[in-house]
Amino acid sequence: MRRLGLQFVVGLVLAAALFWFLDRNLLAATENGWTDVFAAARALPWWAIPAYALAFLGVHVARVVRWVWQVRPLGERDTRLVTSVCAVGYAAIVLFPFRVGELVRPYLLARRSEQVTFSAAMGTAVVERIIDGLFITALFFVTIL
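Criteria and thresholds
- Residues numbered from 1 in each chain as written.
- Predicted model: local features only at pLDDT ≥ 70, side-chain atom pairs only at ≥ 80, totals over all residues.
- Heavy atoms only, no water.
- Helix = DSSP H or I, 4+ residues; strand = E, 2+ residues; numbered from the N terminus.
- Rg over C-alpha atoms; globule rule 2.2 N^0.38 Å.
- Buried < 20%, exposed > 50% of the residue type's maximum accessible area, 1.4 Å probe, protein only.
- Contact = heavy atoms within 4.5 Å.
- Areas by Shrake-Rupley, 256 points an atom, 1.4 Å probe, with all protein chains shown as cover.
- Core = buried A, V, L, I, M, F, W, Y, C linked by side-chain atoms within 4.5 Å.
- Patch = residues over 30% accessible without salt bridge, like charges linked within 9 Å, V, L, I, M, F, W, Y side chains within 5 Å.
- Salt bridge = Lys/Arg side-chain N within 4 Å of Asp/Glu carboxyl O.
- Axes fitted to C-alpha atoms, helices over the stretch in contact; angles between N-to-C directions.
- Parallel < 35°, antiparallel > 145°, perpendicular 65-115°, else oblique.
- Left-handed = near helix turned anticlockwise from the far one by under 90°.
- Nonpolar A, V, L, I, M, F, W, Y, C, P; charged D, E, K, R; others polar.

Description of the overall build of the chain
Part 1 of the argument: Along the chain, the regular secondary structure elements total 6 helices and 0 strands.
Part 2 of the argument: Here the chain has a C-alpha radius of gyration of 19 Å; the compact-globule value for 145 residues is 15 Å, and the former is much larger.
Part 3 of the argument: If one aligns the C-alpha atoms of the chain with their principal axes, the spans along those axes are about 55 × 55 × 25 Å.
Part 4 of the argument: Of all 145 residues assigned to the chain, the portion counted as buried reaches 23%.
Part 5 of the argument: The long-range share in the chain, meaning contacts at least 24 apart out of those at least 6 apart in sequence, stands at 48%.
Part 6 of the argument: Here the chain has roughly 10900 Å² of accessible surface; of this, 74% comes from carbon and sulfur atoms.

Things to note about the nonpolar core
Part 1 of the argument: Counting residues in hydrophobic clusters, the biggest one holds 16 residues, and the most contacted among them are Trp67, Val71, Val82, Val85 and Leu109.
Part 2 of the argument: Listing elements by their share of this core, those giving two or more residues are α3 (48-71), α4 (79-95) and α5 (104-112).
Part 3 of the argument: With residues near it in sequence (within four places) discarded, Val85 still touches Trp67, Arg105, Leu108, Leu109 and Arg112.

Notes on the environment of Gly75
Part 1 of the argument: Its location among the elements puts Gly75 in the loop between α3 and α4.
Part 2 of the argument: Spatially, the C-alpha atom of Gly75 lies 45 Å from that of Trp20, the residues being 55 residues apart in sequence.

Section: a nonpolar patch on the surface
Part 1 of the argument: Where nonpolar side chains cluster on the molecular surface, the patch consists of Leu14, Leu18, Tyr52, Phe56, Val94, Leu95, Phe96, Phe98, Val100, Leu103, Tyr107 and Phe118 and spans about 1300 Å² of accessible area.
Part 2 of the argument: Within the residue set of the nonpolar patch, elements represented by two or more residues are α1 (2-26), α3 and α4.
Part 3 of the argument: Looking at the element boundaries, Leu95 is found in helix α4.
Part 4 of the argument: Its relative accessible area of 61% is what places Leu95 among the exposed residues.

Quick look at the packing of α4 against α5
Part 1 of the argument: Two elements in contact, α4 and α5, have axes separated by 8 Å at closest approach and are oriented at 150°. It follows from the interaxial angle that α4 and α5 lie roughly antiparallel. In the packing of α4 onto α5, the handedness of the crossing is right-handed. Contacts between α4 and α5 involve Leu81, Val82, Ser84, Val85, Cys86, Val88, Gly89, Tyr90 and Ala92 from the first element and Val104, Arg105, Leu108, Leu109 and Arg112 from the second.
Part 2 of the argument: By residue class, the composition of the contact of α4 with α5 is 10 nonpolar, 2 polar and 2 charged.

Structure, rendered in structure tokens:
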């Protein structure tokens, strides 16, 4: 319980530091700061935020399903474990700079699974990045056409 409380406090401090940085450095460049941000949010159509949330959820569900398929040949059959590890890993990718969160999924899976080693799980993450790169490249060429 103490460890969980410490993690919560560290998370709050990190969030406060990020908001301070945003307010101090990025929003200072605008004329009205947060007022401009809220005005831009109010100018959005009512359906924009729910549509974005659904698209974001759809992309992450597809990524989780893909990683479950990638990890299954390594011997891990617990879909619930892989799904929870994947959710934490993708949150880390979004929250930490330089995509450091890419290391979280293989680390957590290797730590919680008896069948999967860190190097094997890291290999799945590398393969996933290659697949993503090929897919984005294909989308680029389709868009150019």
